[in-house]
Amino acid sequence: MNIDLATIALILVISSIFEAIFILLLSSKYPGVEHFGASCSFFALGFLFIMLQGSNASDLITVVLGNTLLLLALIFQYMGLVRFLDLPENKWFPPLVFGLCLLALIYFQYVFDASSYRTFFVYLSLGLIAFLLAHTLHQQRNALLPRQTPLFFLIFLSIGCFSVLRAFYALFSPPIANALVPTLFQVLSFTGAFIINIIVTFTFIVMINERSRAEILAAKEQFEQIFNLSPDASLITTHPDGKIVNFNLGFLNFTGFSREEVQNKSLPELNLYENPADREKLLNEINSHQLVDDFELKFRNKNKDIRICSVSAKIILMNNTPHIISIIDDITDRKNAESALIKSEEKYRFLTEFASDVIWLFNLTQNKFTYMSPSIFQLRGLSPEEAMAENLTDSMTTESLLRVRAEMQRNVKTFIATPEAANTYLIEIQQPCKNGRLIWVEVSTKYRYHVSGEIEIVGVSRNIDKRKQAEETVLYLSYHDQLTGLYNRRFYEEELLRLDTPRNLPIALIMADVNGLKLINDAYGHQMGDKVLKEFAKILKNECRHDEITSRVGGDEFVILFSQTDQESVKSIVKRLNAAIANVRIEHTILSVSMGFALKENPRDDLNDVFKRAEDAMYQHKLTISPSIKRATIDLIVNSIYERNHQEIIHSQSVSEYCQALARELGFETEAINQLGLAGLRHDIGEIAIDEAILNKSEKLTEVEWAEIKRHPEIGYHILRSVNEMTEIAKFVLEHHERWDGRGYPKGLKADEISLQGRIIAIADAYCTMTTERSYCRAFTDEEAITEIKKCSGFQFDKNLAKLFVEKVLRKEWPER
């Protein structure tokens, strides 16, 4: 055949060079483009070296390097295509084929010179890489791949078949002197390489262009969505005449105009500017800087209402014509709030200046007072300037200073750990007056960050010297309750005997019982229960007179004993106590007290019977209000959980919805569905008693911490069962961490021993947890979560329920493997 293969090779070299340059200049932002461009460069070098065969060039360059570069070009073409199409890439097969081919070329060139074997290994290697690429394209075919993918599949399948055929033909045909001998297969190889290379490269360039166009279209659609859906008023106008080109619904809502009234109008025509000069100022600012941020001016809407607005605008080019895109933020409410705040600050400054309590600020970082109200003069005889000049050592006694420093160290650590918490503390200290006298002062403090970032204490000091003197008077008595400071049962019983004389009649007994104390202890621990008891004891101390004996006679029971009284006076005291109780605010819980009273008016009456009548009246009152208080307390507990972990709101609601959906699929009655939904909503209520640091810990939990976590179903059970109508769902909550194989907690139930509702919550809770981002693990995809549920079915979950959940609730296919 009289075909000059060297000329074809030269054409291949030149075309491949131009293809490489064009692809790399076209776009390199997509994965795989640089690899594809490199493949064209390798093709050019490979055929360049093959052109040198038959000349005086080294065999290492013409034979070994030329053929390996052609193979490397195909490998890089494989890498470029699979990366561009985001297909799974085989990392080990191409390097293995390349290495074996290179070894074979060196061996059959320098050790055992056999051109047929060299040809066999080169074409076999090319065929294997082509088959690998065709196989990858065939295995991963789906609707998301470009439409050119089938063409690539056919091309590389054809290359693979031809290369394998050429490889085995080389074993049974006479050897050729070099690659430029124009045999039939060589001509087909060179011309086919040229044609296919052109087709593949052109198709790849088309795919790049299509992807670029798709991204531009998507970006345009995204901008239009953001523009149209923005709650702020947004519009695009020509510059500088202000003709409206585009606007969103927010602009219509802001101005009050209809779409027809705005179209083809300019801003001056709509008469939006309250002061027309403002428009000129805005345009001058935009012209000077090409953009403007938070330019404040006043607009007038269709109803002639004046609105204060903040405008951000920028000059953009549309069809090579300058336009202005503007966003108008209505800040009228904010401005009004700021004005109200200024007035409020003036009012509170007045209150601070004339309050009897001393209000002060102490900067911890600078270790000095930064403010002192004038009432310091009434407290200690010092002027505000003199008090501010004092350091802590001079402002209190040594003993008080030691306690204050210890308290400050603890409080600062707590504040840094939880700056959003209340962080309000009370401490009693002794301070010297200007005349040298020591007085007792109650100091209420709250920690906060100053605008400079420094920690400061906001304090209120109150003179409690008289109260302390009264306490010291009765301090020798051992008749006080250690927790509340009230008289204890022993003092009450002795005082009852002392008062039980005719001259003290009528004698009144008020029985008081703190509602829901066990619920509070279960939810928040005994420290919170103690706090509630202390708050009520504080009310008793503040509201009862010194001749009204207040005693704590049981865990949550109190008695008020007084003599020479009447029924109306007793009612007045109960009313006063209830009013004081209603004003108490305790974080995350409610102070509620049931009270009943009885009087001894006849000397022959037994005080034990009077006590019994007061107790019966108290329990009658308790039956009336206790259930509603417990429900309200449970709501506060749930809110507390949500406040410290906002993600828990979404989690609980999702679990509830999935539980209800699965219950409907199982044919539950409406009441049962609602009950299960409530159980799902409250399933993690027991977490209120678990340390937040443990719940949010990202590292592996210790055995002690894991044991603490496993307490929450039982805690939730005790919390919920305290309310009669929640007794049933309490059982479901108790069982929602039991496992089908009996390895769950807290009771180790298995299979049908676990209630159906408990098994439903377990599946819904696990799915929601897996598909939510947590501090200790990433969020699973839906498919990963379903696979995990399938994997755990029959072990952790009821398999039938799990399958029903996936197929009917999630509407996904149940994995076969």
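Now for a description of the structure that goes with this document. (Residues numbered from 1 in each chain as written. Predicted model: local features only at pLDDT ≥ 70, side-chain atom pairs only at ≥ 80, totals over all residues. Heavy atoms only, no water.)

### Some words on a nonpolar patch on the surface
Working step 1: A cluster of nonpolar side chains, Ile106, Tyr107, Tyr110, Val111, Phe112, Tyr117, Phe168, Leu171 and Phe172, forms an exposed patch at the surface whose accessible area comes to about 940 Å².
Working step 2: Listing elements by their share of the nonpolar patch, those giving two or more residues are α4 (93-111) and α6 (149-172).
Working step 3: For the nonpolar patch, the leading source of residues is α4, giving four residues.
Working step 4: Residue position: leucine 171 is located in helix α6.
Working step 5: When its relative accessible area of 31% is taken as the criterion, leucine 171 is described as partly exposed. (Patch = residues over 30% accessible without salt bridge, like charges linked within 9 Å, V, L, I, M, F, W, Y side chains within 5 Å. Areas by Shrake-Rupley, 256 points an atom, 1.4 Å probe, with all protein chains shown as cover. Salt bridge = Lys/Arg side-chain N within 4 Å of Asp/Glu carboxyl O. Helix = DSSP H or I, 4+ residues; strand = E, 2+ residues; numbered from the N terminus. Buried < 20%, exposed > 50% of the residue type's maximum accessible area, 1.4 Å probe, protein only.)

### Observations regarding helix α11 (residues 276-289)
Working step 1: An ideal rise of 1.5 Å per residue puts 20 Å on 14 residues; α11 measures up with 21 Å between its terminal C-alpha atoms.
Working step 2: Buried residues of α11: Asp278, Arg279, Leu282, Leu283 and Ile286, and no others. Considered in projection along α11, the buried side chains sweep an arc of 135 degrees and stay on one side of the axis.
Working step 3: Buried residues along α11 sit against α10 (267-270), β3 (291-300), β4 (306-318) and β5 (321-330).
Working step 4: Trailing α11 by a residue or two, glutamine 290 shows a phi angle of about 70 degrees, which is positive. (Expected span 1.5 Å × (residues − 1). Arc of directions from axis to C-beta. Contact = heavy atoms within 4.5 Å.)

### Thoughts on a negative patch on the surface
Working step 1: A cluster of like negative charges, contributed by Asp566, Glu568, Glu601, Asp605, Asp606 and Asp609, occupies part of the molecular surface.
Working step 2: Accessibility expressed as a relative area gives 56% for glutamate 601, which makes it exposed. (Lys, Arg positive; Asp, Glu negative; His and termini not counted. Charge placed at Lys NZ, Arg CZ, Asp CG, Glu CD.)

### Describing the pairing of strand β10 (residues 455-463)
Working step 1: One ladder, built from six bridges, connects strand β6 (residues 358-363) with β10; its direction is antiparallel. From the neighbouring strand, asparagine 363 faces β10, where its bridge partner is glutamate 456.
Working step 2: The pairing of strand β9 (residues 438-449) with β10 spans nine bridges and is antiparallel. Of the residues in β10, the one forming a bridge with arginine 448 is glutamate 456.
Working step 3: A loop of five residues connects β9 with β10, the two strands running antiparallel in sequence, and glycine 453 in this loop sits at a positive phi of about 95 degrees. (Pairing = 2+ DSSP bridges.)

### Remarks on the sheet that holds β9
Working step 1: Taken in spatial order, the five strands line up as β7-β6-β10-β9-β8 in an open sheet, and their pairing is antiparallel. In this open sheet, the two strands that pair with only one neighbour each are β7 (368-372) and β8 (424-432). The mean inter-strand angle of the sheet, taken between neighbouring strand axes irrespective of direction, is 30 degrees.
Working step 2: Packing against the sheet, helix α16 (residues 398-417) makes contact with β6, β8, β9 and β10, and its axis sits at approximately 160 degrees to β8. (Axes fitted to C-alpha atoms, helices over the stretch in contact; angles between N-to-C directions.)

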